[in-house]
Amino acid sequence: MECFGLSLPALREKIDGVQRFLAIALRIANAHTVDFYTRNIWDEFIGLTPEDVLSQFNDNINSHETTQEGNMENNFGFSHDSGKLVHIGAFLKAAETHSLPSLRISVPFEKLVEMFIDTERHTRWNADLDTDEFMNCKKAHEVQAMSEVVALLAQHCRVKQVIDVGSGKGYLSTHLSMLYELQVFGIDSSSTNTHGAQERSRKLKRYSRVIQKLKKDAKEIERLPGTGKKKEHRESGMGEFVVTEKKSTQLQGTQLSAVAEVPVDVTNQLGEPVECAVGEEGMTDPFLSALSLNAVEPISARVPPSQLSKEERERRMKENLEKKSCNRESSSSLFLPLTSYVTAETELREVIPELKDAVMVGLHTCGDLASSTLHMFASKRELRAICSVGCCYHLLSEEFDQKRGHHTPSLIKDQLQSSPEAVTEVCGFPMSQYLRDQNYFCGRNARMSACLALERVTVGGGLPVESLFYRAVLHVILQDHFGAHKSEKRVGNVYSKASSFVDYIRRALRKLELDESKLSDGEIQEYHDQYKHRICEMLAFNRLKVTLAPCIEGLILLDRLCYLKEQENVSFCALVQLFDPLKSPRCYGLVALKTDIKSL
């Protein structure tokens, strides 16, 4: 099957190339920082000084000679004899060559949109509503790009339902339902998230009605005669709203002007009156602050019908008819948050009884959930398309991890061959039959490294070296005084609360329920002083780990793309860079369509 010009054999060749590099380099990514000093990791893996490594990182990579004589070229900078990294230039070149951008497999976002867009039918129905006001910059960036792709897929497949798996607080779901009039089922395992999504959707709907009312008022004002100040008084629960030509607030293409400091009568969550300024400088729209305080819905003052003019009665009757018609048309344009734990074996109709043909979407689905959505897409007839962006690779389960315990690799393979339904757990990696046939294993520490953000580090976003240093020295103390203590308890985020190294160690020992009285403050500080000159080793080593991150993430994503290509019922699949990696490091998404979807 051909998918966007790349055949399955060609993709497997790309996977083979990344595998060859990682077969040697993965040992660095799998080294645990906790053991850095107790195992003397630097001397075990690196045959250079940390100063040499850091200096070559700081220089232009292209300035180094990366083609070596003899066997060095084929060993990516690692010594055949010792297995240590001895040539940084060759290593950096190999890492760059085997990263996703250099493999030239991903499809540009603009190209994907161009492939699916139908200019006659593509509509952002409620263009007046800007839900970005309710998201931070990163989330808004992700939701905008993702929702455009999902809306195009839904339009291409002629479906109106979307299943948002791992929907969280409903940012993407509400965006799709309110701006594209899609019926979205947001599934999340956390009831807290589900409740939060319901509240957020309720406020957004109220916000939408307020904006529509303001736009209508603005159009009426524009029709008033005269060129001076234009003014409208309306009696309502919102107080008097005065519109002038002096001070402006931009509302999605409609220019509204408002006098600052106009009171809006609302109540906060305690039922106390709150005065909110309308049109103050820095506010994006006049009712945003009121909404954030859980404002009551504006209610027009009641006027007896007998006191209304004939024209007013006719106008209201017409408005009511329009509202009823609108409600009928949008009855399927809902966001319904659902609480359910989803796996590859989940029967969607048990979770969503009204399920029809739908697009499945997952925005930063964590660990195995991303793999589960792809399995569901391949096996569920109702799912016509998918757009999936995964994250948290360190939480993936690996089929061929000998430490897992519930299944041995051979047992899983035998069960799948004899009776596929006998295996109740579907692991997150590898997904493709190609890597499963090789019993491929990556390792948790390497998958953890895949979560690092090379782009951010490259532009100056530093690594948390001090916290890693503290943790590694803590492990030395545990080995020296507590018998290399192993505990089910985790140290956790003690560093952010600690005022000093000594405070960090004491907090960590208390967290692990160990006797901190064994060590005086002076003894603890001596450990810090003993190892502080070696912190540059940790800095250099973690720079190497970050350099490998795009290669490891690339292999995980190529495995998922390969899985989709192996499915006979998938007609189109592509790896797409959806987001700016500086804003959202997990920026790649998988997009796929089922075979029987006909091109428009």
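Our subject is the structure listed above.
Predicted model, so just to flag it, every value in this text is computed and none were measured.

Enquirer: Even after reading the chapter, I still don't get helix α13 (residues 368-379), so can you show me in this structure?
Expert: Each turn of an α-helix holds 3.6 residues, which means side chains three or four residues apart point in the same direction. The terminal C-alpha atoms of α13, which comprises twelve residues, lie 16 Å apart, in line with the 16 Å expected from a rise of 1.5 Å per residue. Looking only at α13, the buried set comprises Ala370, Ser371, Ser372, Thr373, Leu374, His375, Met376, Phe377 and Ala378.

Enquirer: Even after reading the chapter, I still don't get the packing of aromatic side chains, so can you show me in this structure?
Expert: For any pair of aromatic rings, geometry is given as the distance between the ring centres together with the angle between the planes. Counted by the stated rule, this structure contains 14 aromatic pairs. Both rings, one in Tyr37 and one in Phe469, keep their centres 6.1 Å apart while their planes meet at 85°; by these two values the pair is edge-to-face. Here Tyr37 is found in the loop between α1 (8-29) and α2 (41-45), whereas its partner Phe469 is found in helix α18 (residues 465-482), with 432 residues between them in sequence. Just as Tyr37 is buried, Phe469 falls in that class too.

Enquirer: When you look at helix α6 (residues 109-116) in this model, what are you seeing that I'm missing?
Expert: Residues of α6 that are buried: Phe109, Leu112, Val113 and Phe116. When α6 is viewed along its axis, its buried side chains cluster within an angular range of 100° and face the same direction. Seen from the buried face of α6, the exposed residues on the opposite side, beyond 90 degrees, are Glu110 and Glu114. Here the buried face of α6 lies against β3 (107-108), α7 (137-157), β13 (570-577) and β14 (588-594).

Enquirer: Any chance you could explain the packing of α1 against helix α21 (residues 535-566) here in plain terms?
Expert: The geometry of a pair of packed helices is captured by two quantities: the angle between their axes and the separation between those axes. Between α1 and α21, the least distance of the axes is 9 Å, while the angle of their chain directions is 150°. One finds that α1 runs roughly antiparallel with respect to α21. Pair α1 / α21 crosses with left-handed handedness. Across the interface between the two elements, Leu8, Leu11, Arg12, Ile15, Val18, Gln19, Phe21, Leu22, Ala25, Leu26, Ile28 and Ala29 from α1 touch Phe541, Leu544, Lys545, Leu548, Cys551, Ile552, Leu555, Leu558, Leu561, Cys562, Lys565 and Glu566 from α21. Taken together, the residues of the contact of α1 with α21 sort by class into 19 nonpolar, one polar and four charged.

Enquirer: Could you clarify how one ought to interpret the pairing of strand β4 (residues 161-165) in this entry?
Expert: Two faces, one strand: in a regular strand the side chains alternate between the faces of the sheet. When you tally the buried positions in β4, you get five out of five residues, the bulk of the element. The alternating pattern of β4 places Gln161, Ile163 and Val165 on one face and Val162 and Asp164 on the opposite face, and all of these are buried. Handedness of the crossover joining β4 and strand β5 (residues 183-188) through helix α8 (residues 171-179): right-handed. As judged from the four bridges shared by β4 and strand β11 (residues 358-366), these two strands associate in the parallel manner. Within the sheet, the bridge partner assigned to Val162 lies in β11 and is Val359.

Cut-offs used in this document
Residues numbered from 1 in each chain as written. Predicted model: local features only at pLDDT ≥ 70, side-chain atom pairs only at ≥ 80, totals over all residues. Heavy atoms only, no water. Helix = DSSP H or I, 4+ residues; strand = E, 2+ residues; numbered from the N terminus. Expected span 1.5 Å × (residues − 1). Buried < 20%, exposed > 50% of the residue type's maximum accessible area, 1.4 Å probe, protein only. Phe/Tyr/Trp six-rings, centres within 6.5 Å; stacked < 30°, edge-to-face > 60°. Arc of directions from axis to C-beta. Contact = heavy atoms within 4.5 Å. Axes fitted to C-alpha atoms, helices over the stretch in contact; angles between N-to-C directions. Parallel < 35°, antiparallel > 145°, perpendicular 65-115°, else oblique. Left-handed = near helix turned anticlockwise from the far one by under 90°. Nonpolar A, V, L, I, M, F, W, Y, C, P; charged D, E, K, R; others polar. Right-handed = clockwise from strand over helix to strand, strands pointing away. Pairing = 2+ DSSP bridges.

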